[in-house]
Amino acid sequence: MLTFTALGPFQAWTDGSPLDLGGQRQRAVLARLLVAGGRAVPVNTLIDELWPGNPPAQALSTIQGYVSRLRRALEPGRAPREEAEVLVSAPPGYALRAGTGQVDAWRFESLVKSDGPPAQVWADMETALGLWRGPALAEFADLSWAVTEASRLEELRLIAVERRADAGLALGRATSLVADLEAHAAEHPLREEAWRLLAVALYRMGRQGDALAALRRARAVWRDELGLDLTAGLKRLEADMLAQRLEEPSPAAPPAEAPADAPAATTSAASGGVLRVLVADDQALVRAGVKAMIASDPGVRLAGEAANGEEAIAGVRATRPDVVLLDIQMPHLDGLAAARRILAGEDPPKVVMMTTFGSDENLYAALRAGVSGFLLKTAPPEQFLAAIRAAAAGDALIDPAMTTRLISAFAGRTDPSSPPALAGLSDARLDVLKLVARGLTNRQIGQTLSLPEEEVGTLVKSLLEHLGLFDRAQLVMTAYESGLVTPGEKAHFSSL
């Protein structure tokens, strides 16, 4: 079957094998016809849009040559005088004849516009978002028609993200949506729907204060950027929250009472309860600030605090926290040494390093030790709380930009104790490992590889077990140090 992909690198495929579409401008002819959605594009338009303002003297014959070569690539079995069925003549130009299911962009648009009950919308938006492999039509970014179409598709992608979230809220999935909605609102702060969905999700989790704080952040951004107050819709939402007129979230069942001799961790995140965090920093002011952040979130609780590495190790043994926020530079025993000893223990907690600057050598050594990532001490409260949850879940890097930058900067510095080469791993697990190395979450990996999120989690766990590792950041290091992924390389996947 012949298919076309434009939601990422532009390509045509036959039964999963890529076709040779020739050089950049020849590929652009096919991409422009795809953008037309099956409608005819006049030859004069093709010439004007492929050579803006400066077409060559032989532009018409050049276009005809491109079309001829593209037809041979797309229909290699067509007889010389037989009419083309894919890239057809449609006077005064050409058109691409394909079904909606053959073109990822066409299928994506059809799914985004679909309707139905929340479960159907959720499934359709998951499928639609899973079609994306990268920025649309990025290789034609110097051509105005491609930029316009890429912008249109990106707007539809954002609508799909928001429709998925809206359906998820209707299905009672607020808790799993909050982290993604925080990122969505931060990346697109002028989108009303992004803030509405985030505020509603927080409210339905029972976090009314955080929901109102999200709307205050929206108001501040809009005043700074646009000189405007919130829209009437967001103001009504704010008033309804203050008056508690919105539907209340279902009360969560209280956690089962732990036996008297059970360790503290048995009532923590492992059993679906509150996340317990130990904070270790030699500066009392920093500890006070982090404790205030923790106190603001009913889903997170302070397990203890420490002023140096030795106290941190003792605190972990005494309180069995889920997550440790650990300053990388402390007296008596620094954070790096403390992290190594904490993570070497039995059933260790997740460790997130806090840093103001720190040398790359020390930060990289911390990754080798198995920390989940890094947080700048100047990060906003919501980033701290999101990092705590991500570390506990183990399905995302903490500050992926910093983490992958460090790892790629040190790529090639193999460690004697690092895992052996990746021989013996299946293609499916190698594909997952490549995407983990790019900093993607389990949900994003699932969308990219068309796999259920639960299956991705199982594959990540099997990779950790196979390689004798215990944290996601170590998987990233393994991918770089083994040469599976190299800095700046675009990922290629055997199953795509």
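Throughout what follows, the structure given in this document is the object of discussion. Here the structure is a predicted model, which is why all the values come from computation and not from measurement.

Our focus in this paragraph is helix α6 (residues 144–170). Taking 1.5 Å per residue, 27 residues should reach 39 Å; α6 reaches 39 Å between its end C-alpha atoms and fits that length. Where α6 ends, the next residue or the one after it, glycine 172, has phi of about 80 degrees, a positive value.

The 3 strands lie next to each other as β1-β2-β3, forming an open sheet whose pairing is antiparallel. This sheet does not close on itself; its edge strands, each paired only once, are β1 (2–5) and β3 (17–18).

On to the side chain of aspartate 327, then. Along the chain, aspartate 327 falls in strand β9 (residues 323–327). The class of aspartate 327 is buried, set by a relative accessible area of 3%. Engagement of the side chain of aspartate 327 in a polar contact is seen with the backbone nitrogen of glutamine 329, the distance being 3.4 Å.

Another aspect to go through is the nonpolar core. Formed by 81 residues in total, the largest nonpolar core has its most connected members in Phe4, Phe10, Leu30, Ile63, Leu74 and Phe108. If you tally residues by element for this core, the top one is helix α8 (residues 192–204), at 9 residues. When neighbours within four sequence positions are excluded, leucine 30 is seen to be in contact with Phe4, Phe10, Leu21, Leu70, Leu74, Leu87 and Leu96. Core analysis: the next-biggest nonpolar cluster, separate from the first, contains 22 residues, Val436, Ile445, Leu475 and Leu484 among them.

Next up on the list: the environment of arginine 217. Locating arginine 217 in the fold gives a position in helix α9 (residues 208–226). Look at arginine 217 and you get partly exposed, because its relative accessible area is 25%. Here the alpha-carbon distance between arginine 217 and proline 189, two residues 28 residues apart in the chain, equals 9.1 Å. Setting aside anything within four residues of it in sequence, one finds arginine 217 in contact with Glu182, Trp195, Leu198 and Glu382. Reaching out from arginine 217, the side chain makes a polar contact with the side chain of glutamate 182 at a distance of 3.0 Å.

Moving on to the sheet that holds strand β8 (residues 300–306). With parallel pairing, 5 strands are arranged side by side in an open sheet as β8-β7-β9-β10-β11. Two strands lie at the open edges of the sheet, namely β8 and β11 (373–376), each paired on one side alone. Within the sheet, the average angular offset between the axes of one strand and its neighbour, ignoring direction, is 25 degrees. Each of β7 (275–280), β8 and β9 is contacted by helix α12 (residues 309–319), which is oriented at about 160 degrees to β7, the strand it contacts most. Helix α15 (residues 381–393) contacts β7, β8, β9, β10 (350–355) and β11 of the sheet and is inclined by roughly 125 degrees relative to β9.

Let us now look at the environment of aspartate 347. Turning to its location among the elements, aspartate 347 is positioned in the loop between α13 (335–343) and β10. Residue classification places aspartate 347 among the exposed positions, given a relative accessible area of 58%. A sequence separation of 27 residues divides aspartate 347 from arginine 320, and the C-alpha atoms of the two residues are 9.3 Å apart. A polar atom in the side chain of aspartate 347 sits 3.4 Å from the side chain of arginine 320.

This part is about the pairing of β7. The element β7 is largely enclosed, with a buried count of 6 among its 6 residues. Burial along β7 is two-sided: Leu275, Val277 and Val279 and Arg276, Leu278 and Ala280, pointing in opposite directions, are all buried. Two elements, β7 and β8, share 6 bridges in a ladder whose sense is parallel. Bridging from a neighbouring strand, leucine 278 pairs with glycine 304 of β8. Since β7 and β8 lie parallel, the crossover through helix α11 (residues 284–295) that links them has a hand, and here it is right-handed.

Here we take up the pattern of salt bridges. Scanning all chains against the criterion turns up 25 salt bridges. For aspartate 115, the salt bridge identified is with arginine 163, shortest N-O distance 3.9 Å. On the criterion of sequence distance, the pair formed by aspartate 115 in the loop between α4 (104–112) and α5 (118–130) and arginine 163 in helix α6 is long-range, its members being 48 residues apart. Exposure remark for arginine 163: the relative accessible area of 22% places this residue in the partly exposed category. Between arginine 389 and aspartate 297 there is a salt bridge whose closest N-O contact spans 2.8 Å.

Now for the packing of helix α17 (residues 427–437) against helix α18 (residues 442–449). At their nearest, the axes of α17 and α18 sit 10 Å apart, and the two run at 130 degrees to each other. Taken as axis vectors, α17 and α18 run oblique relative to one another. Crossing angle aside, the handedness with which α17 passes α18 is right-handed. The segment α17 lies against α18, with Asp431, Val432, Leu435 and Val436 engaging Ile445, Thr448 and Leu449.

As a packed pair, helix α7 (residues 174–187) and α8 sit with axes 9 Å apart at the nearest point and diverge in direction by 150 degrees. Regarding the angle of α7 to α8, the classification is roughly antiparallel. In the crossing of α7 with α8, the sense of the turn from one axis to the other is left-handed. When α7 is examined against α8, the residues Ala174, Val178, Leu181, Glu182, His184 and Ala185 are found in contact with a partner set consisting of Ala194, Trp195, Leu197, Leu198, Ala201, Leu202 and Arg204. Residues of the contact of α7 with α8, tallied by class, amount to 10 nonpolar, 1 polar and 2 charged.

Attention now goes to the packing of aromatic side chains. One pass over the structure, following the stated rule, counts 3 aromatic pairs. Between the aromatic rings of phenylalanine 108 and tryptophan 132, the centroid separation amounts to 5.5 Å while the plane-to-plane angle is 80 degrees, which identifies the pairing as edge-to-face. Here tryptophan 132 lies in the loop between α5 and α6 and phenylalanine 108 lies in helix α4, a separation of 24 residues in the sequence. For the pair phenylalanine 108 and tryptophan 132, one class covers both residues: buried. What links up through ring pairs into an aromatic cluster is the set Phe10, Phe140 and Trp145. Arginine 173 extends its terminal NZ or CZ atom over the ring of tryptophan 122, reaching a point 4.4 Å from the ring centre.

The next thing to look at is the pairing of β10. With 5 of 6 residues buried, β10 is to be regarded as a mostly interior element. Two elements, β9 and β10, share 5 bridges in a ladder whose sense is parallel. Residue pairing for β10: leucine 326 is matched across the bridge by methionine 353. Crossover handedness for the path β9 to α13 to β10: right-handed. Two strands pair when backbone bridges link them, and β10 and β11 are joined in this way by 4 bridges, in the parallel orientation. Looking at the pairing, valine 352 lines up with glycine 373 of β11.

The rules we used
- For every chain, the first residue of the written sequence is number 1, and numbering continues from 1 onward in sequence order.
- Where totals are concerned, whole chains, interfaces and linings use all residues; where local detail is concerned, this predicted model gives features only for residues with pLDDT of at least 70, and gives and counts side-chain atom pairs only at 80 or more.
- With hydrogens and water excluded, all non-hydrogen atoms of the structure serve as input to the side-chain values.
- Under the DSSP-based scheme used, a helix requires at least four consecutive residues in state H or I and a strand at least two consecutive residues in state E, with every element numbered from the N terminus.
- To estimate the expected span of a helix, subtract one from its residue number and multiply by 1.5 Å.
- Two strands are said to pair when DSSP picks up at least two bridges between them.
- For the exposure calls, accessible area comes from a 1.4 Å probe over protein chains only, and a residue counts as buried if that area is under 20% of its type's maximum, exposed if over 50%, partly exposed in between.
- Pairing of N or O atoms within 3.5 Å defines a polar contact, subject to two protein rules: one partner must be a possible hydrogen donor and the other a possible acceptor, and residues neighboring in sequence count only if both atoms are side-chain atoms.
- Buried residues of nine kinds, namely Ala, Val, Leu, Ile, Met, Phe, Trp, Tyr and Cys, make up a nonpolar core once their side-chain atoms join them within 4.5 Å.
- Contact definition: two residues touch when any of their heavy atoms are within 4.5 Å.
- The axes used here are C-alpha line fits, helices contributing only the stretch in contact, and every angle between their N-to-C directions lies in the interval 0 to 180 degrees.
- Whether a crossover is right-handed comes down to one check: with the strands pointing away from the viewer, does the path from the first strand over the helix to the second run clockwise; if it does, it is right-handed.
- Any Lys or Arg side-chain nitrogen found within 4 Å of a carboxyl oxygen on Asp or Glu counts as a salt bridge.
- Every angle not falling under 35 degrees, over 145, or within 65 to 115 is termed oblique; those three ranges are roughly parallel, roughly antiparallel and roughly perpendicular.
- Whether a crossing is left-handed or right-handed is set by the direction in which the near helix is turned from the far one by less than a right angle, anticlockwise for left-handed and clockwise for right-handed.
- Ten residue types, Ala, Val, Leu, Ile, Met, Phe, Trp, Tyr, Cys and Pro, are classed as nonpolar, four, Asp, Glu, Lys and Arg, as charged, and the remainder, Gly among them, as polar.
- To pair, rings of Phe, Tyr and Trp, with the six-membered ring standing in for Trp, must have centres within 6.5 Å; the planes then decide the type, stacked if under 30 degrees apart, edge-to-face if over 60, and tilted in the middle.
- When the NZ atom of lysine or the CZ atom of arginine is within 6 Å of a ring's centre and also within 35 degrees of its normal, the charge is said to sit over that ring.

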